[in-house]
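Listed below are the residues making up each chain.
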Amino acid sequence: MQTPEPQQRDRSATATDAGGDLAETPTPVEVRVHADPALIPSVRAVAADLAARADFDLDAVSDLRMAVDEACSALVPLAREGGQLRCGFVMSEGRIDVICRVPVADEATLRQDTFGWRVLTTLTDDAQVLDADPEWLGIRLRKQRLNP
């Protein structure tokens, strides 16, 4: 009796096999850290690394790094004691969308008339405050690659 050979999986199979272009398949990444200013550089580094891997030019990488730093720096002081800073990144169609958020205890608000907010709107293609959920406060950022 002959023993069947184990089937080899074709390791070259990618998301393109599912009918989509790999570059167009959204790739989510989430970073969760204690809402502590000392941990913001780690989140900032992840943002810069993801932008660089997505072929953003050096200026756009730097802009996104600074924008994520500014967003996290604005949110961390508003976080509920013991809360986590959560930053989600989605790369798709020549852009990176970022949502940073923290749990809040009271009706915390994020002012949009500050220098920091002006920095966010200058460094990104879009910046929005996410305050519909009374238990969470967040910021959504979008950065487009120059040549998608």
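The preceding data block contains the structure.
Residues numbered from 1 in each chain as written. Predicted model: local features only at pLDDT ≥ 70, side-chain atom pairs only at ≥ 80, totals over all residues. Heavy atoms only, no water.

**Re the overall build of the protein chain**
On a plain count of helices and strands, the protein chain comes out with three helices and five strands. N-terminal to C-terminal, the α/β element order of the protein chain is β-α-α-β-β-α-β-β. In the protein chain, which comprises 148 residues, the share counted as buried stands at 35%. By sequence separation, contacts in the protein chain at least 24 residues apart represent 65% of the contacts at least 6 residues apart. Split by element, the accessible area of the protein chain, about 9500 Å² in all, is 48% carbon and sulfur. (Helix = DSSP H or I, 4+ residues; strand = E, 2+ residues; numbered from the N terminus. Buried < 20%, exposed > 50% of the residue type's maximum accessible area, 1.4 Å probe, protein only. Contact = heavy atoms within 4.5 Å. Areas by Shrake-Rupley, 256 points an atom, 1.4 Å probe, with all protein chains shown as cover.)

**Brief notes about the environment of Gln112**
With respect to the helices, strands and loops of the structure, Gln112 is situated in the loop between β3 (95-103) and α3 (115-123). Sequence-wise, Gln112 and Gln128 are 16 residues apart; in three dimensions their C-alpha atoms are separated by 9.3 Å. Discounting chain neighbours no more than four positions away, the residues touching Gln112 are Trp117 and Val129.

**A look at the environment of Leu137**
Turning to its location among the elements, Leu137 is positioned in strand β5 (residues 136-144). Residues in contact with Leu137, not counting those within four places in the same chain, are Leu75, Leu78, Cys100, Arg101, Val102, Val104, Ala108, Thr109, Leu110, Val129, Leu130 and Asp131.

**Notes on the packing of aromatic side chains**
On inspection of all chains with the given rule, the structure shows zero aromatic pairs. One Lys or Arg, Arg101, reaches over the ring of Trp136 and ends 4.1 Å from the middle of that ring. (Phe/Tyr/Trp six-rings, centres within 6.5 Å; stacked < 30°, edge-to-face > 60°. Lys NZ or Arg CZ within 6 Å of the ring centre and 35° of its normal.)

**What to know about the sheet that holds strand β1 (residues 27-34)**
Spatial ordering of the open sheet is given by β1-β2-β3-β5-β4, a layout of five strands whose pairing is antiparallel. The strands lining the two open edges of the sheet, one partner per strand, are β1 and β4 (126-130). Averaged over neighbouring strand pairs, the angle between their axes works out to 15 degrees when direction is ignored. The pairing of β1 with strand β2 (residues 84-92) spans eight bridges and is antiparallel. Within the sheet, the bridge partner assigned to Val31 lies in β2 and is Cys87. The strands touched by helix α2 (residues 58-75) are β2, β3 and β5; relative to β5, the strand with the most contacts, the crossing angle is about 170 degrees. Taken strand by strand, α3 contacts β4 and β5, and its axis lies near 135 degrees from that of β4. (Pairing = 2+ DSSP bridges. Axes fitted to C-alpha atoms, helices over the stretch in contact; angles between N-to-C directions.)

The quantities given are spatial measurements derived from coordinates; they are silent on function.
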